[in-house]
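Commentary on secondary and tertiary structure
Here are the chains, one letter per residue:
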Amino acid sequence: GDKPETFEKIMENIMLLLKYNINPDIRINLDKNNTNSFMELADIFKQKGLENLHLYLGQVTANTIACSSNFGCLNTSEFSKISLEFNKMLEAKGFSVPEYFYYPGARSNFCGGDQINSFVLDPEGYMYKCWNIIGEVEESIGNVKDLEKDIDDSTNSCSSRSIMNHAKWTTWSPLENETCSKCKLLPICMGGCPHVNLTNSSGTKCEKWKYVLENVIKYTYSRHV
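The notes below deal with the structure included here. These numbers were taken from a predicted model, which means no experiment stands behind them. (Residues numbered from 1 in each chain as written. Predicted model: local features only at pLDDT ≥ 70, side-chain atom pairs only at ≥ 80, totals over all residues. Heavy atoms only, no water.)

1. Digging into the overall build of the chain
Keep this limit in mind: Starting at the N terminus, helices and strands are each numbered in turn, a helix being any DSSP run of H or I of at least four residues and a strand any DSSP run of E of at least two. A simple rule labels every residue: compare its accessible area, found with a 1.4 Å probe on the protein chains alone, to the largest value its type can have, and call it buried under 20%, exposed over 50%, or partly exposed in between. We call two residues in contact when some of their heavy atoms are within 4.5 Å. Reported accessibility uses the Shrake-Rupley method at a 1.4 Å probe radius. Residues are deemed covered only where the shown protein chains occlude them.
When helices and strands are tallied, the chain shows nine helices and five strands. Reading the helices (α) and strands (β) of the chain from amino to carboxyl end gives α-β-α-β-α-α-β-β-β-α-α-α-α-α. Within the chain, buried positions represent 38% of all 225 residues. In the chain, of all internal contacts separated by at least 6 residues, the share reaching a separation of at least 24 is 62%. For the chain, the accessible surface area stands at approximately 13,800 Å², while carbon and sulfur atoms represent 54% of it.

Shown next as structure tokens:
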């Protein structure tokens with residue numbers, strides 16, 4: 001059928017990136033409303049000869065006010081199983097499936113939020129450590145338009161707040177969470193989403209490896225024999 005104009009624009013932009021030898025990874029946000037659509041999407045990419053692009057699934061979660069209105073969110077157990085089947089389907093269709101998309105590895109941090117050199121920008125130039133807080137200016141870590149100012153000026157309360165906002169993300173540690181510190185999966189998880197840990201008093205949200213690791217190991221073995 002007819003595809004939304006935004007979809008066509010995204011596909012045009014992907015082709016434009018490829019024209020200039022930039023290979024983007026394609027994240028497909030998944031909830032209960034589109035679990036039957038990703039095979040069709042994979043077929044579209046295959047028809048365009050884009051099997052070398054890396055397609056992967058992103059879990060839609062109710063971490064923000066906007067997303068909390070989505071009653072079709074998959075829980076992590078459901079998402080982990082679908083994600084593995086998605087990778088199997090891609091490989092069967094001839095797509096390139098990097099091992100790190102489905103098989104865990106040791107990590108020193110979880111995401112850009114707790115990584116010192118990663119930032120997200122909003123249209124006004126405000127910088128944040130996490131895309132879940134875009135628009136919450138009081139949580140920003142500065143503005144690109146103010147970079148020429150001396151952020152060490154102790155009289156600048158905005159700069160002091162920005163420094164503190166940055167510090168709480170980069171100094172957070174999963175070892176502070178009793179559940180995480182005793183978990184055998186910590187080296188491949190690193191505590192899960194920092195945003196959840198910093199804003200949710202009830203604790204962390206476990207990652208997909210908790211629910212699908214045995215099947216992932218079996219799948220990896222089958223790919224190498």
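2. With respect to the packing of aromatic side chains
Put simply, the test is: Stacked, tilted and edge-to-face are the three classes applied to pairs of Phe, Tyr and Trp rings, where Trp contributes its six-membered ring and a pair requires centres within 6.5 Å; stacked means planes under 30 degrees apart, edge-to-face means over 60, and tilted covers the rest. Our definition puts a charge over a ring when NZ of Lys or CZ of Arg is within 6 Å of the ring centre and also within 35 degrees of the ring normal.
Counted under the stated rule, the structure contains four aromatic pairs. Measuring from ring centre to ring centre gives 5.0 Å for phenylalanine 38 and phenylalanine 86, while their planes differ by 80°; the resulting arrangement is edge-to-face. Taken together, the positions of phenylalanine 38 in helix H2 (residues 38–47) and phenylalanine 86 in helix H4 (residues 76–92) put the pair 48 residues apart, joining distant regions of the chain. There is no split in this pair, since phenylalanine 38 and phenylalanine 86 are both buried. With a centroid separation of 5.1 Å and 55° between ring planes, the pair formed by tyrosine 102 and tyrosine 219 is classed as tilted. On the criterion of sequence distance, the pair formed by tyrosine 102 in the loop between H4 and strand E3 (120–121) and tyrosine 219 in helix H9 (residues 209–224) is long-range, its members being 117 residues apart. Judged on exposure class, the residue tyrosine 102 and its partner tyrosine 219 are both buried. Taken together, Tyr56, Tyr100 and Phe101 form an aromatic cluster joined through their ring pairs. Seen from the ring of phenylalanine 119, lysine 129 lies directly overhead, with NZ or CZ sitting 4.9 Å from the centre.

3. Details of the pattern of salt bridges
Inclusion rule: Salt bridge criterion: a side-chain nitrogen from Lys or Arg within 4 Å of a carboxyl oxygen from Asp or Glu.
Under the criterion given, the structure shown has eight salt bridges. A salt bridge links lysine 9 to glutamate 12, with the shortest nitrogen-to-oxygen separation between them at 4.0 Å. You can see lysine 9 and its partner glutamate 12 sitting in helix H1 (residues 5–19), three residues apart, about one turn around the helix. Take glutamate 12: its relative accessible area is 48%, and that puts it in the partly exposed class.

4. Considerations on the packing of H4 against H9
Test applied: Whenever a helix is involved, its axis is fitted only over the stretch in contact; in every case the axis is a line through C-alpha atoms, and angles between N-to-C directions fall within 0 to 180 degrees. Every angle not falling under 35 degrees, over 145, or within 65 to 115 is termed oblique; those three ranges are roughly parallel, roughly antiparallel and roughly perpendicular. The handedness criterion is simple: a crossing whose near helix is rotated anticlockwise from the far helix by less than a right angle is left-handed, and one whose near helix is rotated clockwise is right-handed.
Contact pair H4 / H9: the axes reach a minimum separation of 9 Å and the direction vectors enclose 10°. Taken together, the axes of H4 and H9 lie roughly parallel to each other. Two packed elements cross with a definite hand, and for H4 against H9 that hand is right-handed. Residue-level contacts link Thr76, Ser77, Ser80, Lys81, Leu84, Asn87, Lys88 and Glu91 of H4 to Tyr211, Val212, Asn215, Val216, Tyr219 and Arg223 of H9.

5. Some details on a nonpolar patch on the surface
Selection rule: Residues enter patches when they are more than 30% accessible in relative terms and free of salt bridges; like-charged ones are connected within 9 Å and nonpolar ones (Val, Leu, Ile, Met, Phe, Trp, Tyr) within 5 Å.
A surface patch of nonpolar side chains, amounting to about 390 Å² of accessible area, comprises Leu16, Leu17, Tyr20 and Ile22. Summarising the element assignment, leucine 17 is placed in helix H1. What makes leucine 17 partly exposed here is its relative accessible area of 33%.

6. Topic: the state of the cysteines
Formally, a disulfide is one covalent bond, and it connects the sulfur atom of one cysteine to the sulfur atom of another. The line we're drawing: Any cysteine sulfur atom paired with another within 2.5 Å is treated as part of a disulfide.
One pass over the structure, following the stated rule, counts zero disulfides. Just so you know, cysteine 111 is unpaired, no disulfide at all, and the nearest cysteine sulfur is the one on cysteine 193, 6.1 Å from it. Under the relative-accessibility criterion, cysteine 111 is labelled partly exposed at 29%. The thiol of cysteine 206 is unpaired, and the distance to the nearest cysteine sulfur, on cysteine 183, comes to 6.3 Å. Looking at cysteine 206, the relative accessible area reads 28%, which means it is partly exposed.

7. Structural notes on the sheet that holds E3
As a reminder, the rule being used: Here the rule is simple: two strands pair whenever DSSP picks up at least two bridges between them.
With antiparallel pairing, the three strands of this open sheet are ordered in space as E3-E4-E5. Edge positions in the sheet fall to E3 and strand E5 (142–143), since each has one partner strand and no second. Relative to strand E4 (residues 126–128), E3 runs antiparallel, the two being bridged by two bridges. Each residue of the ladder has a partner; that of valine 120, found in E4, is tyrosine 128.

8. Re the packing of H2 against H4
In a packed pair of helices, the relevant descriptors are the angle between the two axes and the axis-to-axis distance. Contact geometry of H2 with H4 gives a least axis separation of 11 Å together with a crossing angle of 30°. With respect to H4, the element H2 is oriented roughly parallel. Taken as a pair, H2 and H4 cross one another with a handedness that is right-handed. Of H4, the residues touching H2 (which contributes Phe38, Met39 and Ala42) are Ile82, Phe86, Met89 and Leu90.

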